[in-house]
Amino acid sequence: MESAPIIDSTTKRKNAIAAARLTMREGVPVFSIVEISVVAACNRRCSFCPVSDDYYKKVGLSGVMKQSLYEKLLLDLKSIGYAGMILFSGESEPLLHKRLDRLISRTKATLPDTQIEVNSNGDLLTERKLASLFDAGLDTLSISMYDGPHQINIFSELRKKVGLDPSQILLRRRYFQDGNYGINMTNRGGLVNSDLFQGSINADQKHTFPINQECYYPFYMLTVDVGANVTICSHDWAKQYVVGNFSAEHIFDIWIGQRFNTARKALARCDRSLPSCSNCNAIGDLIGRDSFMRWLEFFRQTS
């Protein structure tokens, strides 16, 4: 009998946000989460992450996102009345961006109804930096704790010093305990062997690729990197299925474009044969079912 996957404790919360912030434009379901890499760098080299293997050089990413590109993205989102989540995360450590607080402030001024969140390993957090992020308009900081349970006290004390509520600082266990890392580790589209980090794994838990399963990622979110490349999923680190580049195209035109829809129609049939999906072991149906159903209805009406 197959063991149940280890689901991140914040998954239900993210699913609720994706559903609550789902909107329609011209009859089309709009993405409710935009995940952004504003810097191509990380201060860690975790073995379960592609960054540990000269990742940025391999995919041709470097530096930080140009301010002009970021402004272009904000204006695109403003033009469609975007009010979903802006998530600074992606293939990087966002706190390495020296002006992240300014990006947050600019985002809140341009898109006041968005929910702004940052995923971080917390290594670079100081009392001053934490205060500046929330003063700029940050709504939530999720900290992935890799080193051990002692980090709970460290980050909890830091939160108290700044006067923040526990709901504003989410602590996610990523250290090994009770046979797992607090999450069902994914292989980032086949770039890493995630089986090594699943704790005790049984033979019947190993996958035969491609997985025969629906995936909701391209129905509720899009992911952008420092070079303005847009992918259908936060797991396509290898950039095997880039759907557009918002430096030259409007972000909504990319969202409703042929490449995105090709992926949606395939994944709705449990067809993971796309280059970015064929070796991916991500559980794709935990978040975004509301968006998925809206897209299916849209396809039925327009076919």
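Residues numbered from 1 in each chain as written. Predicted model: local features only at pLDDT ≥ 70, side-chain atom pairs only at ≥ 80, totals over all residues. Heavy atoms only, no water.

Undergrad: A description of the state of the cysteines should follow, citing residues and the corresponding values.
TA: Disulfides are covalent bonds that link the sulfur atoms of two cysteine residues. Taken as a whole, this structure holds zero disulfides when the rule is applied. For C42, which is in no disulfide, the shortest distance to another cysteine sulfur is to C49 and amounts to 6.4 Å. (Disulfide = S-S within 2.5 Å.)

Undergrad: Explain the side chain of N180 residue by residue, including any values.
TA: With respect to the secondary-structure elements, N180 resides in the loop between β7 (169–173) and α7 (217–220). Owing to a relative accessible area of 12%, N180 belongs among the buried residues under this scheme. (Helix = DSSP H or I, 4+ residues; strand = E, 2+ residues; numbered from the N terminus. Buried < 20%, exposed > 50% of the residue type's maximum accessible area, 1.4 Å probe, protein only.)

Undergrad: If you had to explain unusual backbone geometry to someone new, which residues and values would you point to?
TA: Following F209, the chain continues to P210 via a peptide bond in cis, the omega torsion being -5 degrees. Among the structural elements, P210 can be located in the loop between β7 and α7. Phi angles above zero are rare outside glycine, and D54 is one such case at about 55 degrees. Looking at the element boundaries, D54 is found in the loop between β3 (33–36) and α2 (55–59). D54 sits in the partly exposed class, given a relative accessible area of 47%. At A228, a position not held by glycine, the phi torsion is positive, near 75 degrees. Mapped onto the secondary structure, A228 falls in the loop between β8 (221–224) and β9 (229–231). Take A228: its relative accessible area is 0%, and that puts it in the buried class.

Undergrad: Give a description of helix α6 (residues 150–162) that names residues and reports values.
TA: Because each turn of an α-helix spans 3.6 residues, side chains separated by three or four positions in sequence point in the same direction. Spanning 13 residues, α6 covers 19 Å between terminal C-alpha atoms, matching the ideal 18 Å at 1.5 Å per step. Along α6, the residues classified as buried are Q151, F155, S156, L158 and R159. Taken end-on, α6 shows its buried residues confined to a sector of 160 degrees, consistent with a single buried face. Turned more than 90 degrees off the buried face of α6, the exposed positions are N153, K160 and K161. Residues of α6 that are buried make contact with α5 (127–136), β6 (140–145) and β7. Downstream of α6 by one or two residues, G163 has phi in the positive range, about 80 degrees. (Expected span 1.5 Å × (residues − 1). Arc of directions from axis to C-beta. Contact = heavy atoms within 4.5 Å.)

Any functional reading would require information that these geometric values do not contain.
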